[in-house]
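Report on the structure
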Amino acid sequence: MACEEVAHSRPVFLTIYTVVIVVSSLYVFSAIHYSSTTSSAWSSFPPLSNEDPRLLDRTFDASQLETMHAVPSAFPELQNVSRKPILNVPPRNKKMPPLKEFRLTKELVQQRVKDNIIIVTFGNYAFMDFILTWVKQLNDLGVSNYLVGAMDTKLLEALYWKGVPVFDMNSHMSTMDVGWGSPTFHKMGREKVILINSILPFGVELLMCDTDMVWLKNPLPYLARYPGADVLTSSDQVIPTVVDDSLEVWKEVGAAYNIGIFHWRPTESAIKLAKEWIELLVADDKIWDQNGFNDIVHRELGPSVDEDSGLVYAYDGNLKLGILPSSIFCSGHTYFVQGMYQQLRLEPYAVHTTFQYAGTEGKRHRLREAMLFDDPPEYYNPPGGFLSFRPSIPKSLLLSGKHTIGSHFILINYQMKQIRTALAIASLLNRTLVMPPLWCRIDRLWFPHPGVLEGSMTRQPFLCPLDHVFEVNAMLNELPEDEFGPDIDFREYSILDNPSLPSEVKKSWLDVHLCKEGTQNCNASNNVTVGGVLKFPKHSNEEMFMKVFSSFKDVKVIQFSSMQDAFTGFKDKEREDRFRKRVKHYTGIWCCVTDHTPGHIYYDIYWDEKPGWKPIPPQTSADDHPPCCRGYNHKQKIFKGASFPTRCEDQYRILVESCPGVHIFVIASYTAFIHVEDVGTYLRDLIV
């Protein structure tokens, strides 16, 4: 991967991108815990320090995180509203109306507006589950004045039969996930600007949203606080400029304005801006819609409209612009990594799943970790049941010494070894693994950084998103079983606390405590339980696991007290080899070190089998390949001594897609370019 090469060879790009940052990370250390048995839905949790009494013991039981969730599953307003159905589900004996009846018209919008405001999102069928989540969150908040634009007929029909107010965008869009930066992605962006230009002349206010965000609180009262604003926009700001819920201080915002959440009033200046914006995009199909918006709006910026509102004159000197506070109209970084709203004791209105590293699958997983995604009932009750475990981490790995690349990798590797064992046992027992929460000491970004962004509110150590370490999308890819062994399904760490978990799953639970063989009640019997707990010997082999747990196939949740020394490995060498080939694809990279090209460091799930392994970046381009692809020759684009080139192409596809250096991206001039080098050249046609 060539992220670091771009950083060093294009300093202007690095400077701009450092300011504009477009990705995400998961915060969880400044804790909030949802409990259906408590009167408060969320509470603050102070940062850990070396003096924290909870960490006086040598070993920190990471299972304590069950009472330390950083992201709330629900908010007071979301819980207390009346949950009467808003959707108008048509009877099944009704015939689907013709497409012409789903055209976007002033009459359709007027049917849905409230207080002259309409909330709109849009997408294709690939994002239907995101759209349904978006709809459900608004319904739960008692907000009904919304519309969903369908970019393909399949989505339109599906939403119609679910009672979702939908209109046809006549886009003839593919039903597949188009991927960030692709030509189709840019086409979708233009559709958004077309929508804005179509709706504003209707004389209504428009709150336009991307589908990969969710509402946590009714935003309409907040927007009404700024009646003089022509446009209110979210941003990628990661350093707070205010500590309350007022608008950002526009002079201090250095990041891009993010058009994933923004509000338009049908004023003369706003309509003029929307028209010029679409004209700009139509004239040059290489311009990214968000960059085009930023370019135009920044043409003139300042002075302030007044002393109090936080609004600023922008664009043509007449447009009144406000920048929504990133602490409560959250990006993926301010919500999941920093937990900025928690530290400032604020209630967030929304979270947009930016700042992350695993594509659509990563966005979905983050929302699931936060218990904010709407999944069908079967997701919470998979065939074969769950396998979970309580990871234990020595206090010294979390808190001792400085937070450096070295101490970070020691901490991650310690956790990764336990996860590797859990993956093997889950594969053996054909169970779905509940991934544990991950502790990180330093952040992950796309450019050299000192560990955390200076000026941000990221605290160390922190609970990081799964996509900081693991390639969530790679873990979900279907691979041939004869080469990679059986699929290993997994779930987010918070699923067993999710209110949507069926009672039949909650009640069917077996705790397994690892013990030293030969001690009291520690044997391989499958019928010995003490106090509802099964004691199971450490260093057990495949045969012992199958013998003991065959009697517990109907138990929904098997939770181990630990994964330390739990399993000695597969008896069948071929099965072991297939398993190893599978999980080698699961880990990603950390990025980026300073003063080195390339600057990323690969995580290696089998790091402990490599004597002298150190967390250092590839020393040459020939060494620059993930652990699964040993033997790949970048220059000749061939594999030597490897039997899985196709899968390695998939791995590189993931790495390339998450790295602006080897894929289509935008620079300061807001024009697209392709930086192609080594494997990037080889894979470009596969990606675009």
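Per an unreviewed UniProt entry, the protein is named Nucleotide-diphospho-sugar transferase family protein, and its organism is Medicago truncatula.

We now examine the state of the cysteines. Under the criterion given, the structure shown has three disulfides. Residue pairing for C515: its cysteine sulfur links by disulfide to C522, the two sulfurs lying 1.9 Å apart. In this structure the cystine formed by C515 and C522 twists about its S-S bond by roughly 90 degrees; its chirality is therefore right-handed. C522 matches C515 in its accessibility class, with the two residues each being buried. Between the sulfur of C591 and that of C592 lies a disulfide, 1.6 Å long from S to S. Taking the sign of the torsion about the S-S bond as the criterion, the disulfide between C591 and C592, at about 50 degrees, is right-handed. Per residue, the accessibility class of C591 equals that of C592, and both read buried.

Sheet strands line up and pair through hydrogen bonds in the backbone, either parallel or antiparallel. Taken together, the three strands give an open sheet; going across it, the order is 6-13-12, and neighbouring strands pair in mixed fashion. Taken across any chain shown, the strands that pair with only one partner, and hence form the sheet edges, are strand 6 (213-215) and strand 12 (329-330). Judged from the three bridges that link them, strand 6 and strand 13 (residues 350-352) form a sheet pairing that is antiparallel. From the neighbouring strand, W215 faces strand 13, where its bridge partner is A350.

Let us now look at the confidence of the model for the protein. Taken over all residues, the pLDDT of the protein has a mean of 81, while the share at 70 or more is 75%. Across residues 1-58, confidence stays below pLDDT 50; counting only partners more than four residues off in sequence or on other chains, it has 201 contacts. Within the model, the stretch residues 630-688 combines pLDDT values under 50 with 142 contacts to residues more than four positions away or in other chains.

Counting buried residues in strand 2 (residues 117-123) gives seven out of seven residues, a clear majority hidden from the surface. Sheet topology places strand 2 next to strand 5 (residues 205-209); four bridges connect them, and they run parallel. For I118, the partnering residue across the bridge sits in strand 5 and is L206. Relative to strand 3 (residues 146-150), strand 2 runs parallel, the two being bridged by five bridges. Note that in strand 3 the partner of F122 across the bridge is G149. The β-α-β motif built from strand 2, the intervening helix 5 (residues 128-140) and the parallel element strand 3 has right-handed crossover chirality.

With that settled, the discussion passes to the pattern of salt bridges. Once the charged atoms of two side chains with opposite charge are near each other, the side chains can pair. All chains considered together, the criterion is met by 22 salt bridges. Among the salt bridges present, the one from K272 reaches D316, with a minimum N-O distance of 3.3 Å. On the criterion of sequence distance, the pair formed by K272 in helix 9 (residues 268-283) and D316 in the loop between strand 10 (312-314) and strand 11 (319-323) is long-range, its members being 44 residues apart. Taking the relative accessible area as the measure of exposure, K272 reaches 44% and is therefore partly exposed. Taking the shortest distance from any N to any O, the salt bridge between E609 and R580 comes out at 2.5 Å. Of this pair, E609 sits in the loop between strand 25 (601-602) and strand 26 (632-633) while R580 sits in helix 20 (residues 573-583), and the two are 29 residues apart along the sequence. Through salt bridges with shared partners, a single network forms among K417, R420 and D608.

What follows concerns helix 9. Along its 16 residues, helix 9 runs 23 Å from first to last C-alpha, staying within 8% of the 22 Å computed at 1.5 Å per residue. Along helix 9, the residues that are buried comprise S269, A270, L273, A274, W277, I278 and L281. Buried residues in helix 9, looked at end-on, bunch into an arc of 165 degrees, giving them a common side. Residues of helix 9 that are exposed and point more than 90 degrees away from the buried face comprise E268, V282 and A283.

Attention now goes to the packing of aromatic side chains. Applying the stated criterion to the full structure yields 31 aromatic pairs. Centroid distance F130 to F373: 5.2 Å. Interplanar angle 75 degrees. Geometry classified as edge-to-face. You can see F130 sitting in helix 5 and its partner F373 sitting in the loop between helix 13 (359-369) and strand 14 (386-389), a full 243 residues away along the chain. The interplanar angle of 55 degrees and the centroid separation of 5.6 Å between the aromatic rings of Y222 and Y226 together place this pair among those described as tilted. As far as burial versus exposure is concerned, Y222 and Y226 are alike and both buried. A cation over an aromatic ring shows up here: R112 above the ring of Y146, its NZ or CZ 5.5 Å from the ring centre. Between the NZ or CZ atom of K581 and the centre of the ring of F484, over which it lies, the distance is 5.4 Å.

Each value, and the rule that gives it
Residues numbered from 1 in each chain as written. Predicted model: local features only at pLDDT ≥ 70, side-chain atom pairs only at ≥ 80, totals over all residues. Heavy atoms only, no water. Disulfide = S-S within 2.5 Å. Buried < 20%, exposed > 50% of the residue type's maximum accessible area, 1.4 Å probe, protein only. Pairing = 2+ DSSP bridges. Helix = DSSP H or I, 4+ residues; strand = E, 2+ residues; numbered from the N terminus. pLDDT = per-residue confidence, 0-100. Contact = heavy atoms within 4.5 Å. Right-handed = clockwise from strand over helix to strand, strands pointing away. Salt bridge = Lys/Arg side-chain N within 4 Å of Asp/Glu carboxyl O. Expected span 1.5 Å × (residues − 1). Arc of directions from axis to C-beta. Phe/Tyr/Trp six-rings, centres within 6.5 Å; stacked < 30°, edge-to-face > 60°. Lys NZ or Arg CZ within 6 Å of the ring centre and 35° of its normal.

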